[in-house]
Each structure stands twice: as C-alpha cells, then as structure tokens.
Amino acid sequence: MIAPTPIERAWAVFVPRAIVGLMFVFAGANKVFTIGPRAYAEMVHEHSHMVQFFPWQIVDHVAFATGFVEIALGALLTIGFKTRWAARLLGGMMVLVAAGYGLAGLVDPVGGVTAMDTRAVNTYILPRAMLLILVLMLPEEDDLFTAEKLLGR
Amino acid sequence: MLPTVDRAWAVFIARTILGMVFFIGGCHKVFTLGATEHARLLFVVPYADTYIPVWSLWATGTIVPYLELVFGATVLIGFRTRFSLLVLGAILVFVMFGHLIRAPLFVANGFILPRTGLLMFVLLMPRELDWFSVDGLLRARKPHPPINPRAQEAL
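Conventions used here
Residues numbered from 1 in each chain as written. Chains lettered and ligands numbered in written order. Predicted model: local features only at pLDDT ≥ 70, side-chain atom pairs only at ≥ 80, totals over all residues. Heavy atoms only, no water. Helix = DSSP H or I, 4+ residues; strand = E, 2+ residues; numbered from the N terminus. Polar contact = N/O pair within 3.5 Å; in protein donor to acceptor, adjacent residues only side chain to side chain. Contact = heavy atoms within 4.5 Å. Core = buried A, V, L, I, M, F, W, Y, C linked by side-chain atoms within 4.5 Å. Buried < 20%, exposed > 50% of the residue type's maximum accessible area, 1.4 Å probe, protein only. Axes fitted to C-alpha atoms, helices over the stretch in contact; angles between N-to-C directions. Parallel < 35°, antiparallel > 145°, perpendicular 65-115°, else oblique. Left-handed = near helix turned anticlockwise from the far one by under 90°. Nonpolar A, V, L, I, M, F, W, Y, C, P; charged D, E, K, R; others polar. Salt bridge = Lys/Arg side-chain N within 4 Å of Asp/Glu carboxyl O. Patch = residues over 30% accessible without salt bridge, like charges linked within 9 Å, V, L, I, M, F, W, Y side chains within 5 Å. Areas by Shrake-Rupley, 256 points an atom, 1.4 Å probe, with all protein chains shown as cover. Buried area = accessible area lost by both parts, 1.4 Å probe.

Draft legend 1. Fine view of the side chain of Arg88 of chain A. Looking at the secondary structure, you find Arg88 of chain A in helix H4 (residues 83-107). Within the structure, Arg88 of chain A has its side chain in polar contact with the side chain of Asp6 of chain B (distance 2.5 Å). The residues touching Arg88 of chain A, leaving out its near neighbours within four places in the chain, are Leu136 of chain A together with Val5, Asp6 and Trp9 of chain B.

Draft legend 2. A look at the nonpolar core. Core analysis: the biggest nonpolar cluster contains 53 residues, and Leu132 of chain A together with Ile17 and Phe121 of chain B have the highest contact counts within it. Put simply, the parts of the chain that give this core at least two residues each are helix H1 (6-35), helix H3 (56-79), H4 and helix H5 (118-137) of chain A together with helix H1 (5-33), helix H3 (54-77), helix H4 (81-102) and helix H5 (112-124) of chain B. The contact partners of Leu132 of chain A, leaving out residues within four places of it in the chain, are Val20, Phe24, Leu77, Ala87, Leu90, Gly91 and Met94 of chain A. Residues Ala41, Val44, Met50 and Ala104 of chain A belong to the second largest nonpolar core, which totals seven residues.

Draft legend 3. Local environment of the environment of Ala3 of chain A. With respect to the helices and strands, Ala3 of chain A occurs in the segment before H1. Along the sequence, Ala3 of chain A and Gly21 of chain A sit 18 residues apart, while their C-alpha atoms lie 27 Å from each other.

Draft legend 4. View of the side chain of Glu68 of chain B. Note that Glu68 of chain B resides in helix H3. Setting aside its immediate chain neighbours within four residues, Glu68 of chain B contacts Phe22, Phe23, Gly25, Gly26, Lys29, Ala73, Leu88 and Ile91 of chain B.

Draft legend 5. Layout of the packing of helix H2 (residues 37-47) of chain A against H3 of chain A. Residue and element names in this part refer to chain A. Close contact between H2 and H3 brings their axes to 8 Å; oriented N to C, the two are set at 135°. For the element pair H2 / H3, the angle class is oblique. Considering the relative orientation of H2 and H3, their crossing is right-handed. On the side of H2, the interface is formed by Pro37, Arg38, Tyr40, Ala41, Val44 and His45, while H3 contributes Trp56, Val59, Asp60, Ala63, Phe64, Thr66 and Phe68.

Draft legend 6. Broad picture of the packing of H5 of chain A against H5 of chain B. The N-to-C vectors of H5 of chain A and H5 of chain B enclose an angle of 20°; their axes lie 11 Å apart at closest approach. One finds that H5 of chain A runs roughly parallel with respect to H5 of chain B. For the pair H5 of chain A and H5 of chain B, the crossing hand works out as left-handed. Counting all contacts with H5 of chain A, which are made through Asn122, Leu126, Met130, Ile133 and Met137 of chain A, the residues of H5 of chain B involved are Pro114, Gly117, Leu118 and Phe121 of chain B. Across the contact of H5 of chain A with H5 of chain B, the residue classes tally to seven nonpolar, two polar and no charged.

Draft legend 7. Here's a closer look at the pattern of salt bridges. Residue and element names in this part refer to chain B. Evaluation of the coordinates by the stated rule reveals 10 salt bridges over all chains. For Lys29, the salt bridge goes to Glu68, with nearest N and O atoms at 2.8 Å. Note that Lys29 is positioned in helix H1 and Glu68 in helix H3, a separation of 39 residues in sequence. Owing to a relative accessible area of 5%, Lys29 belongs among the buried residues under this scheme. Since its relative accessible area comes to 2%, Glu68 is described here as buried. Among the salt bridges present, the one from Arg40 reaches Glu37, with a minimum N-O distance of 2.8 Å.

Draft legend 8. Region of the structure containing a nonpolar patch on the surface. All names here are of chain A. On the surface, a nonpolar cluster with roughly 420 Å² of combined accessible area is contributed by Phe53, Phe54, Ile58, Val62 and Val107. Topologically, Val62 is positioned in helix H3. Here Val62 falls in the exposed class, since its relative accessible area comes to 52%.

Draft legend 9. Summary view of the interface of chain A and chain B. Taken together, the contact pairs 30 residues of chain A with 30 residues of chain B. Where chain A abuts chain B, roughly 2,300 Å² becomes buried across the two surfaces, and 78% of that area is made up of carbon and sulfur atoms. In this assembly, chain A and chain B are joined by two salt bridges. If you look at where chain A meets chain B, you find four residue pairs in polar contact (both at pLDDT 80 or more). Counting residues per element, the ones that place at least two in the side of chain A that touches chain B are H4 and H5 of chain A.

Okay, structure coming up:
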C-alpha cells in the first residue's frame, strides 16, 4: 500500500479549507456589501424570531457584525493564517446558527414536522459544518499551503 | 487517533448539531403538534391501507416524538451519548423504512442522509475525543486507576 505523499495530503487539507473559507468570505461579503449590515440586521430582526428569545439590542448588534466576522474568519481560513482558531470559531458559529434556526423552528415550524428549516439545515449549515469538521480532523502538520508556512512561522 | 482540541471541537460541532436537530424536531412534535396528532397524521392516516397493524402505527407514532425529544437532548448535551446515538440511528432506519413503504424510490437527501452522516461520524469517533460534553466531564472526574497496582502497594 502506497501512502499519500506530503503534497497530496497537503492538497487534501487545502481544498476543503479553501472551499469553506471562500463560502464564508462570500456569504459575509454579500451581507456587508450587497445587502448592507444595517439592512441585514433589520431582516434578522423582522424574520428570524430571535427577538422573541433575546434582547433586541443583542440580536441587532450580532446580526450587524455577522457579515464582518464571516469575512474576517473566512479570509483567515482561505489564506491559511491562524487556521485552527478560525475553523473552531466558525464551527462554534455554525452551532449557534443551528440553535437559532432551531428556536425559530419552534416559533414558526417552516420545516413541517422537523420544525427547523430543512433547506437552511441542508444547504447552509451542514455543508459548512461538514467541511469545518473535516479541516479540524485532519492533522495540522499536513497543512502545507498556508500563509503561516509561507511566512516561516 | 491522537486526541487534540481540534478533533474534540469537530466531534462537539457534529454532536451538538445532530442533537439539536432531533431535539427541536421532538419539541415540535411533542409540544406543538402533539404526539397523538403526530401519530394520526404521519403514521395512521398514510399507512392505514398497508399491511402494518393500526395498533402498531399508533404505538410507534406516539413513542417516536418522545424518543427524539429525550435522546436528542442527551446527544445535545453529550450525556450517555453512545446509547442515545443507537436509539436515534434506529429511528432513522425506522423512518426510512416507513418512507420506502409508501414510495419505493424515496430520496433520503432532505432529512435522513444528512442526519445519518453526522450520526455515523460521532459514533465512529473514539468516545475519548468527546471532551466538551457531560460524558467528557464525568470521565475527567473519574479517579485514574494505578498503572502498576503492585507498585502502589509497595509504596
């Protein structure tokens, strides 16, 4: 049995890392530059039912910041700087997003008997979560194509 | 598999999302829809013309929401995770069976397969990797057995 070479293993880490990083960068860019952070916060305020569970000030501020956070952490993940921290934080964010959709599903069960919005879970949460899980599971030392390695850290 | 904080985090992400999906579904079925109505709407009415006994449709249709609620919660917090995953896995197989009776070419992409993927991942990971859980906390608090009992006695 021939083991994968270091370049093959590095590529196996780089591809999911770059894909999920870009997903977050573009999702964040859409919130910040297309929709606008204020308009996005208003959308979340109006439609997400979060104000039924949390103070509206917290909901508005978190929604306002979400796009910027996604761009920043997604960029770190894509270029490969403080990769593990970025992946952990984005993973935690996915858990919180899932919780948000869960609470919204209890108020307005758009997902039918599953309550949670199935489309959001299957097309937004799970693909990102799966890619982040993959990045976190793979050995850090295999991740050669990173800005940190390039800078010699 | 070498335990690292990243792998523990990966297991935490998968386990909590999986637990949340089942727990929220269970909450909705038990507290909003009602277990009896769930049984009538999704089990008894659609399958009344099949070979499945009606009493079993009522029984399973009423019990499944409570199982999802309880074991979704235990997976969410990471308590008795392994056993809970076995129960949730059985529910997934059972639900798949039900769908296939009505639609032999049923596509499981929307509900069953994503949950199966997460469940398989958590189940296949060593339990020692699940640091951020109630089970992990209880494991950490257990006293470690002496490496060499005879050496301990000599001391």
